[in-house]
Amino acid sequence: MIPTIEPLKIGIKAIKKSYKEMHKWQKTFNEMFNGNFVPTYNDTLEIALVDILQRIYNDKDVLGWWIYEMQFGKNAHKGVMTDEKGNNIPMRTVADLYRYYAKYTLNSCPIKKSYK
């Protein structure tokens, strides 16, 4: 069975919320401690959730890139990801990310697929 978009939506929402909260805390601590490093964030659950989503969607490295480098797709401009023929692969939204998985990674899963 092909995974639906729902686990991806739930996971991304949780990671995004955690990421935003961490940045708020870091900004506050930077102001309080003049930019000195203050270890305040434990990313164990975030890392585990990313790992689970990568396993579900047969993803090796796109999810981490999409979250951290592309800032949850916000920085994903046209041409930032292309297929082997140079065609643009949209990566701005969770739906775009899921379409990427459906076309490129879920097809390589050793699971019988049925598209409706």
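## Points about the environment of P90
Looking at the secondary structure, you find P90 in the loop between α3 (62-69) and α4 (94-105). Along the chain, P90 and Y100 lie ten residues apart, while their C-alpha atoms are 8.1 Å from each other.

## Brief notes about the packing of helix α1 (residues 6-32) against α3
The relative placement of two packed helices comes down to the angle between their axes together with the axis-to-axis distance. As a packed pair, α1 and α3 sit with axes 11 Å apart at the nearest point and diverge in direction by 40°. Taken together, the axes of α1 and α3 lie oblique to each other. Note on packing geometry: the crossing formed by α1 with α3 is right-handed. Contacts between α1 and α3 involve I12, I15 and Y19 on the former and, on the latter, L63, W66, I67 and Y68. Of the residues belonging to the contact of α1 with α3, the class tally is seven nonpolar, no polar and no charged.

Parameters at a glance
Residues numbered from 1 in each chain as written. Predicted model: local features only at pLDDT ≥ 70, side-chain atom pairs only at ≥ 80, totals over all residues. Heavy atoms only, no water. Helix = DSSP H or I, 4+ residues; strand = E, 2+ residues; numbered from the N terminus. Axes fitted to C-alpha atoms, helices over the stretch in contact; angles between N-to-C directions. Parallel < 35°, antiparallel > 145°, perpendicular 65-115°, else oblique. Left-handed = near helix turned anticlockwise from the far one by under 90°. Contact = heavy atoms within 4.5 Å. Nonpolar A, V, L, I, M, F, W, Y, C, P; charged D, E, K, R; others polar.

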